[in-house]
Amino acid sequence: MIYHVISAMQFDRSKLDDLFEEVRDMEGIVRKGRSTLLSGEIMACLFFEPSTRTRFSFESAMHRLGGRVISTDNASQFSSAIKGETLEDTIRVVASYVDVIVIRHNEIGSASRAAAVANVPILNAGDGAGEHPTQALLDIYTIYRELGNVEGITIAMIGDLAYGRTVHSLSYLLANYRDVRILFTGPPETPIPASITDYLTEKGVRFEYEPDLASAAKRADILYQTRVQKERFPSPEQYEKVRGLYLIDQEIVDLMQPHARILHPLPRAGEIAIAVDEDPKAAYFRQAENGVYVRMALLERCLRTN
Ligand code: CP
(Lines give C-alpha, C1' and ligand atoms only; values in the text may rest on other atoms or scores of the structure.)
Protein backbone atom coordinates (compact mmCIF):
# COMPACT_ATOMS: atom_id res chain seq x y z
CA MET A 1 0.00 0.00 0.00
CA ILE A 2 1.25 3.48 -0.83
CA TYR A 3 1.90 5.71 2.21
CA HIS A 4 0.27 9.00 1.25
CA VAL A 5 -0.07 11.87 3.73
CA ILE A 6 -3.24 13.70 2.73
CA SER A 7 -5.12 14.55 5.92
CA ALA A 8 -4.30 14.79 9.61
CA MET A 9 -7.36 12.61 10.19
CA GLN A 10 -5.41 9.58 8.97
CA PHE A 11 -3.18 9.64 12.08
CA ASP A 12 -4.25 7.85 15.25
CA ARG A 13 -2.40 8.00 18.54
CA SER A 14 -0.31 4.92 17.92
CA LYS A 15 0.82 6.18 14.50
CA LEU A 16 1.71 9.52 16.06
CA ASP A 17 3.72 7.95 18.86
CA ASP A 18 5.61 5.73 16.36
CA LEU A 19 6.31 8.67 14.09
CA PHE A 20 7.58 10.91 16.88
CA GLU A 21 9.93 8.19 18.11
CA GLU A 22 11.42 8.19 14.65
CA VAL A 23 11.56 11.98 14.59
CA ARG A 24 13.79 11.83 17.69
CA ASP A 25 16.09 9.45 15.79
CA MET A 26 16.18 11.93 12.92
CA GLU A 27 17.27 14.69 15.29
CA GLY A 28 20.16 12.41 16.25
CA ILE A 29 21.06 11.79 12.60
CA VAL A 30 21.22 15.53 11.93
CA ARG A 31 23.39 16.10 15.00
CA LYS A 32 25.83 13.40 13.87
CA GLY A 33 25.91 14.43 10.20
CA ARG A 34 24.41 13.00 7.06
CA SER A 35 22.67 9.69 6.39
CA THR A 36 22.38 7.58 3.27
CA LEU A 37 19.04 6.10 4.29
CA LEU A 38 17.25 7.42 1.20
CA SER A 39 20.18 7.27 -1.18
CA GLY A 40 18.99 6.73 -4.75
CA GLU A 41 15.48 8.12 -4.07
CA ILE A 42 14.17 11.24 -5.83
CA MET A 43 11.62 13.66 -4.39
CA ALA A 44 9.67 16.19 -6.49
CA CYS A 45 8.40 19.37 -4.88
CA LEU A 46 5.48 20.62 -6.94
CA PHE A 47 4.43 23.93 -5.43
CA PHE A 48 1.60 25.89 -7.04
CA GLU A 49 1.63 28.38 -4.13
CA PRO A 50 4.52 30.21 -2.42
CA SER A 51 6.43 28.59 0.44
CA THR A 52 9.61 29.06 2.40
CA ARG A 53 9.47 26.61 5.31
CA THR A 54 7.57 23.68 3.87
CA ARG A 55 9.47 23.40 0.62
CA PHE A 56 12.94 24.10 2.02
CA SER A 57 12.46 21.83 5.03
CA PHE A 58 11.26 18.98 2.80
CA GLU A 59 14.24 19.56 0.51
CA SER A 60 16.63 19.79 3.43
CA ALA A 61 15.12 16.60 4.90
CA MET A 62 15.65 14.72 1.65
CA HIS A 63 19.22 15.97 1.25
CA ARG A 64 20.04 15.07 4.85
CA LEU A 65 18.88 11.51 4.18
CA GLY A 66 21.01 11.19 1.05
CA GLY A 67 18.19 11.53 -1.48
CA ARG A 68 17.86 13.89 -4.41
CA VAL A 69 15.36 16.62 -5.19
CA ILE A 70 13.72 18.13 -8.26
CA SER A 71 11.55 21.11 -7.62
CA THR A 72 9.32 23.84 -8.98
CA ASP A 73 8.36 26.63 -6.65
CA ASN A 74 5.91 28.33 -8.98
CA ALA A 75 4.18 25.47 -10.73
CA SER A 76 1.13 27.54 -11.67
CA GLN A 77 3.45 29.64 -13.91
CA PHE A 78 6.38 27.36 -14.68
CA SER A 79 4.73 24.00 -15.21
CA SER A 80 2.44 22.99 -18.06
CA ALA A 81 -0.53 23.89 -15.83
CA ILE A 82 -0.34 27.29 -17.55
CA LYS A 83 -0.94 25.53 -20.89
CA GLY A 84 -4.07 23.93 -19.46
CA GLU A 85 -2.68 20.60 -18.30
CA THR A 86 -4.84 19.01 -15.61
CA LEU A 87 -3.43 18.33 -12.17
CA GLU A 88 -4.05 14.63 -12.75
CA ASP A 89 -1.98 14.56 -15.95
CA THR A 90 0.85 16.50 -14.29
CA ILE A 91 0.90 14.08 -11.36
CA ARG A 92 0.88 10.96 -13.57
CA VAL A 93 3.87 12.27 -15.50
CA VAL A 94 5.90 13.56 -12.54
CA ALA A 95 5.20 10.30 -10.69
CA SER A 96 6.98 8.44 -13.48
CA TYR A 97 10.12 10.54 -12.85
CA VAL A 98 10.38 10.38 -9.05
CA ASP A 99 9.75 8.24 -5.96
CA VAL A 100 7.71 10.71 -3.89
CA ILE A 101 5.83 13.95 -4.63
CA VAL A 102 5.30 16.83 -2.23
CA ILE A 103 2.49 19.05 -3.49
CA ARG A 104 1.11 22.44 -2.47
CA HIS A 105 -1.89 23.65 -4.41
CA ASN A 106 -4.51 26.37 -4.06
CA GLU A 107 -7.54 24.03 -4.28
CA ILE A 108 -9.06 22.10 -1.40
CA GLY A 109 -8.91 18.40 -2.22
CA SER A 110 -6.02 18.72 -4.70
CA ALA A 111 -3.70 16.39 -2.74
CA SER A 112 -6.41 13.78 -2.58
CA ARG A 113 -6.94 14.08 -6.35
CA ALA A 114 -3.20 13.68 -6.84
CA ALA A 115 -3.12 10.56 -4.66
CA ALA A 116 -5.97 9.04 -6.66
CA VAL A 117 -3.81 8.90 -9.81
CA ALA A 118 -0.28 8.60 -8.39
CA ASN A 119 1.69 5.38 -8.12
CA VAL A 120 4.14 7.04 -5.70
CA PRO A 121 3.48 8.60 -2.27
CA ILE A 122 1.86 12.04 -2.24
CA LEU A 123 2.55 14.39 0.66
CA ASN A 124 0.06 17.20 1.10
CA ALA A 125 2.01 20.41 1.73
CA GLY A 126 -1.19 22.49 1.86
CA ASP A 127 -4.35 22.29 -0.25
CA GLY A 128 -5.90 25.75 -0.33
CA ALA A 129 -7.86 26.48 2.83
CA GLY A 130 -8.20 22.75 3.47
CA GLU A 131 -5.37 21.09 5.37
CA HIS A 132 -1.64 21.17 6.03
CA PRO A 133 -1.05 17.85 7.79
CA THR A 134 2.74 17.83 7.86
CA GLN A 135 2.71 21.25 9.54
CA ALA A 136 0.30 19.95 12.17
CA LEU A 137 2.59 16.99 12.82
CA LEU A 138 5.50 19.29 13.48
CA ASP A 139 3.25 21.48 15.63
CA ILE A 140 2.35 18.52 17.86
CA TYR A 141 5.98 17.43 17.97
CA THR A 142 6.95 20.94 19.05
CA ILE A 143 4.37 20.88 21.84
CA TYR A 144 5.91 17.61 23.06
CA ARG A 145 9.38 19.07 22.96
CA GLU A 146 8.42 22.33 24.66
CA LEU A 147 5.95 21.12 27.31
CA GLY A 148 6.83 17.43 27.62
CA ASN A 149 3.24 16.35 26.95
CA VAL A 150 0.20 17.05 24.79
CA GLU A 151 -2.42 15.45 27.02
CA GLY A 152 -4.25 17.81 29.32
CA ILE A 153 -3.19 21.00 27.58
CA THR A 154 -5.27 24.06 26.85
CA ILE A 155 -4.44 25.52 23.46
CA ALA A 156 -5.72 28.79 22.04
CA MET A 157 -5.98 28.86 18.25
CA ILE A 158 -5.77 32.52 17.35
CA GLY A 159 -6.58 34.56 14.26
CA ASP A 160 -7.91 33.32 10.95
CA LEU A 161 -9.68 30.10 11.87
CA ALA A 162 -11.67 29.90 8.64
CA TYR A 163 -8.87 29.92 6.07
CA GLY A 164 -5.95 28.85 8.27
CA ARG A 165 -5.40 25.29 7.10
CA THR A 166 -2.84 24.56 9.82
CA VAL A 167 -5.54 25.20 12.45
CA HIS A 168 -7.77 22.64 10.74
CA SER A 169 -5.13 19.91 10.63
CA LEU A 170 -3.91 20.64 14.16
CA SER A 171 -7.48 20.40 15.50
CA TYR A 172 -7.80 16.95 13.91
CA LEU A 173 -4.52 15.76 15.46
CA LEU A 174 -5.36 17.11 18.91
CA ALA A 175 -8.42 14.85 18.97
CA ASN A 176 -5.97 11.96 19.56
CA TYR A 177 -4.97 13.28 22.99
CA ARG A 178 -6.88 13.08 26.27
CA ASP A 179 -8.19 16.10 28.17
CA VAL A 180 -7.25 18.67 25.56
CA ARG A 181 -9.20 21.93 25.60
CA ILE A 182 -9.21 24.19 22.54
CA LEU A 183 -10.02 27.89 22.75
CA PHE A 184 -11.00 29.39 19.40
CA THR A 185 -9.84 32.99 19.58
CA GLY A 186 -10.79 34.76 16.38
CA PRO A 187 -13.22 37.30 14.94
CA PRO A 188 -16.73 36.25 13.85
CA GLU A 189 -15.80 37.02 10.22
CA THR A 190 -13.37 34.05 10.09
CA PRO A 191 -14.98 31.33 12.22
CA ILE A 192 -13.69 27.81 12.63
CA PRO A 193 -15.55 25.69 10.05
CA ALA A 194 -18.43 23.53 11.28
CA SER A 195 -16.73 20.48 9.73
CA ILE A 196 -13.93 20.90 12.31
CA THR A 197 -16.16 21.50 15.34
CA ASP A 198 -18.42 18.60 14.30
CA TYR A 199 -15.35 16.36 14.23
CA LEU A 200 -14.19 17.58 17.65
CA THR A 201 -17.66 17.02 19.10
CA GLU A 202 -17.76 13.50 17.68
CA LYS A 203 -14.36 12.77 19.24
CA GLY A 204 -15.33 14.28 22.60
CA VAL A 205 -12.79 17.12 22.48
CA ARG A 206 -13.68 20.13 24.66
CA PHE A 207 -13.63 23.43 22.82
CA GLU A 208 -15.02 26.87 23.36
CA TYR A 209 -15.08 30.28 21.72
CA GLU A 210 -12.88 32.74 23.59
CA PRO A 211 -12.65 35.87 21.43
CA ASP A 212 -10.65 37.82 24.04
CA LEU A 213 -6.93 37.34 23.50
CA ALA A 214 -5.94 38.49 27.01
CA SER A 215 -8.23 35.90 28.61
CA ALA A 216 -6.93 33.19 26.28
CA ALA A 217 -3.32 34.17 27.09
CA LYS A 218 -3.94 33.71 30.82
CA ARG A 219 -5.53 30.30 30.41
CA ALA A 220 -3.60 28.59 27.62
CA ASP A 221 -0.49 26.42 27.75
CA ILE A 222 -0.03 27.07 24.03
CA LEU A 223 -0.92 30.20 22.11
CA TYR A 224 -1.13 29.08 18.48
CA GLN A 225 -1.06 32.35 16.57
CA THR A 226 -1.80 32.43 12.83
CA ARG A 227 -1.58 34.88 9.96
CA VAL A 228 -4.78 36.25 8.43
CA GLN A 229 -4.72 34.53 5.02
CA LYS A 230 -5.05 37.61 2.82
CA GLU A 231 -4.91 35.59 -0.41
CA ARG A 232 -8.04 33.60 0.46
CA PHE A 233 -10.44 36.47 1.16
CA PRO A 234 -13.17 37.18 -1.42
CA SER A 235 -12.36 40.94 -1.34
CA PRO A 236 -9.65 43.28 0.02
CA GLU A 237 -12.34 45.02 2.12
CA GLN A 238 -13.21 41.80 3.93
CA TYR A 239 -9.51 41.21 4.64
CA GLU A 240 -9.03 44.75 5.96
CA LYS A 241 -11.91 44.22 8.39
CA VAL A 242 -10.05 41.47 10.26
CA ARG A 243 -6.40 42.42 9.68
CA GLY A 244 -4.47 43.26 12.85
CA LEU A 245 -7.21 42.38 15.35
CA TYR A 246 -5.07 39.93 17.33
CA LEU A 247 -1.53 40.99 18.22
CA ILE A 248 0.76 39.10 20.58
CA ASP A 249 3.01 41.73 22.14
CA GLN A 250 4.89 41.95 25.43
CA GLU A 251 1.72 42.88 27.27
CA ILE A 252 0.10 39.60 26.18
CA VAL A 253 3.27 37.62 26.90
CA ASP A 254 3.30 38.99 30.45
CA LEU A 255 -0.17 37.54 31.00
CA MET A 256 0.93 34.01 30.03
CA GLN A 257 1.77 31.29 32.55
CA PRO A 258 5.53 30.82 33.03
CA HIS A 259 5.64 27.44 31.25
CA ALA A 260 3.36 28.49 28.36
CA ARG A 261 4.62 28.81 24.80
CA ILE A 262 3.80 30.74 21.63
CA LEU A 263 3.67 28.78 18.39
CA HIS A 264 3.08 30.10 14.88
CA PRO A 265 3.33 28.11 11.63
CA LEU A 266 4.83 31.26 10.04
CA PRO A 267 5.13 33.35 7.98
CA ARG A 268 3.92 36.11 10.26
CA ALA A 269 2.48 39.33 8.93
CA GLY A 270 2.64 41.53 12.02
CA GLU A 271 0.57 39.40 14.43
CA ILE A 272 3.52 38.73 16.78
CA ALA A 273 5.64 41.72 17.77
CA ILE A 274 9.32 41.28 16.87
CA ALA A 275 10.24 42.27 20.45
CA VAL A 276 8.70 39.00 21.64
CA ASP A 277 11.16 36.86 19.65
CA GLU A 278 13.83 36.76 22.35
CA ASP A 279 11.42 35.66 25.07
CA PRO A 280 11.85 31.93 25.95
CA LYS A 281 8.09 31.56 25.49
CA ALA A 282 8.52 32.30 21.78
CA ALA A 283 8.90 28.81 20.33
CA TYR A 284 8.09 29.50 16.68
CA PHE A 285 11.62 29.38 15.29
CA ARG A 286 12.33 26.14 17.15
CA GLN A 287 9.02 24.91 15.72
CA ALA A 288 10.17 25.72 12.16
CA GLU A 289 13.42 23.81 12.77
CA ASN A 290 11.44 20.78 13.93
CA GLY A 291 9.90 20.72 10.45
CA VAL A 292 13.09 19.22 9.05
CA TYR A 293 13.15 16.32 11.54
CA VAL A 294 9.44 15.57 11.16
CA ARG A 295 9.68 15.62 7.38
CA MET A 296 12.75 13.38 7.44
CA ALA A 297 10.72 10.82 9.38
CA LEU A 298 7.76 11.17 7.02
CA LEU A 299 9.94 10.70 3.94
CA GLU A 300 11.50 7.64 5.51
CA ARG A 301 8.01 6.26 6.20
CA CYS A 302 6.80 6.97 2.66
CA LEU A 303 9.78 5.52 0.91
CA ARG A 304 10.60 2.59 3.14
CA THR A 305 7.10 1.19 3.71
CA ASN A 306 6.39 0.49 0.02
N1 CP B 1 4.21 27.10 7.67
C2 CP B 1 4.26 27.11 6.33
O3 CP B 1 3.53 26.36 5.64
O4 CP B 1 5.15 28.00 5.82
P5 CP B 1 5.48 28.21 4.28
O6 CP B 1 4.22 28.77 3.64
O7 CP B 1 6.64 29.13 4.23
O8 CP B 1 5.78 26.85 3.69
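Residues numbered from 1 in each chain as written. Predicted model: local features only at pLDDT ≥ 70, side-chain atom pairs only at ≥ 80, totals over all residues. Heavy atoms only, no water.

Colleague: Can you help me understand the domain arrangement of the chain in this one?
Modeller: A common measure of how large an interface is: the accessible area buried when the components associate. Domain boundaries assigned for the chain yield domain 1 (8-132 + 291-304) and domain 2 (133-287). With centres defined by C-alpha atoms, the gap from domain 1 to domain 2 works out at 24 Å. In this complex, domain 1 contributes 31 residues to the contact, which on the side of domain 2 involves 27 residues. Across the domain 1/domain 2 interface, buried area totals approximately 2500 Å², and carbon plus sulfur atoms make up 58% of it. A per-residue breakdown of the area domain 1 buries against domain 2 is headed by R13, F20 and H132, which together make up 26% of the total. Counting across the interface, domain 1 meets domain 2 through 4 salt bridges. (Domains from an automatic or database assignment. Contact = heavy atoms within 4.5 Å. Buried area = accessible area lost by both parts, 1.4 Å probe. Salt bridge = Lys/Arg side-chain N within 4 Å of Asp/Glu carboxyl O.)

Colleague: For this particular structure, what's the right way to read the pattern of salt bridges?
Modeller: Where charged atoms of side chains with opposite charge meet at close range, the side chains can pair. In this structure the tally under the stated criterion is 22 salt bridges. R165 serves as the salt-bridge partner of E49, at 3.2 Å between the closest nitrogen and oxygen. You can see E49 sitting in the loop between β1 (42-47) and α2 (53-64) and its partner R165 sitting in helix α7 (residues 165-174), a full 116 residues away along the chain. Close ionic contact of D73 with R55 constitutes a salt bridge, the shortest N to O distance being 3.5 Å. Of this pair, D73 sits in the loop between β2 (68-72) and α3 (75-78) while R55 sits in helix α2, placing them 18 residues apart in sequence. A residue is classified by how much of its surface remains accessible, and D73, at 44% relative accessible area, is partly exposed. Judged by its relative accessible area of 10%, R55 falls in the buried class. (Helix = DSSP H or I, 4+ residues; strand = E, 2+ residues; numbered from the N terminus. Buried < 20%, exposed > 50% of the residue type's maximum accessible area, 1.4 Å probe, protein only.)

Colleague: Would you mind showing me how to read the pairing of strand β6 (residues 181-185) here?
Modeller: Strand residues, when the strand is regular, have side chains that alternate between the two faces of the sheet. Of all 5 residues in β6, 4 are buried; the element is thus mostly enclosed. Note: strand β5 (residues 154-158) against β6, 5 bridges, orientation parallel. From the neighbouring strand, T154 faces β6, where its bridge partner is R181. Handedness of the crossover joining β5 and β6 through α7 is recorded here as right-handed. Crossover β6 to strand β7 (residues 206-209) through helix α8 (residues 194-202) is right-handed. (Pairing = 2+ DSSP bridges. Right-handed = clockwise from strand over helix to strand, strands pointing away.)

Colleague: Teacher, can you tell me more about the sheet that holds β6 here?
Modeller: Strand-to-strand pairing in sheets goes through backbone hydrogen bonds, with the strands running parallel or antiparallel. Pairing in this open sheet of 5 strands is parallel, and the strands run β7-β6-β5-β8-β9 from one edge to the other. This sheet does not close on itself; its edge strands, each paired only once, are β7 and β9 (261-263). Between one strand and the next, the sheet's axes are offset by a mean angle of 20°, whatever the strand orientation. One ladder, built from 4 bridges, connects β5 with strand β8 (residues 222-225); its direction is parallel. Residue pairing across strands places I158 opposite Q225, the latter belonging to β8. Contacting β5, β6 and β8, α7 runs over the sheet at an angle of about 160° to β5. Contacting β6 and β7, α8 runs over the sheet at an angle of about 145° to β7. (Axes fitted to C-alpha atoms, helices over the stretch in contact; angles between N-to-C directions.)

Colleague: Is there a simple way to think about the site of the ligand in this case?
Modeller: If you check the shell around the ligand, you find S51, T52, R53, T54, R104, H132, Q135, P265 and L266 and nothing else. Here T54 contributes a side-chain N or O atom positioned 2.6 Å from an oxygen atom of the ligand. Within the contact set of the ligand, a nitrogen atom lies 3.0 Å away from a side-chain nitrogen or oxygen of Q135. When the free accessible area of the ligand is taken as 260 Å², the share hidden by the protein chains comes to 91%. The residue makeup of the shell around the ligand, split by class, is 2 nonpolar, 5 polar and 2 charged. Each of domain 1 (8-132 + 291-304) and domain 2 (133-287) contributes no fewer than three residues to the shell around the ligand. (Near = heavy atom within 4 Å. Polar contact = N/O pair within 3.5 Å; in protein donor to acceptor, adjacent residues only side chain to side chain. Areas by Shrake-Rupley, 256 points an atom, 1.4 Å probe, with all protein chains shown as cover. Nonpolar A, V, L, I, M, F, W, Y, C, P; charged D, E, K, R; others polar.)

Colleague: Got a minute to help me understand the packing of helix α6 (residues 133-147) against helix α12 (residues 284-304) in this structure?
Modeller: Axes are the key here: two packed helices are described by the angle between their axes and the distance separating the axes. Put simply, α6 and α12 touch, their axes get as near as 8 Å, and they point 115° apart. Judged by the twist between their axes, the crossing of α6 over α12 is right-handed. Here T134, Q135, L137, L138, D139, Y141, T142 and E146 of α6 lie close against α12, whose contacting residues are R286, Q287, N290, G291, V294, R295 and L298. Per-class residue counts for the contact of α6 with α12 are 5 nonpolar, 6 polar and 4 charged. (Left-handed = near helix turned anticlockwise from the far one by under 90°.)

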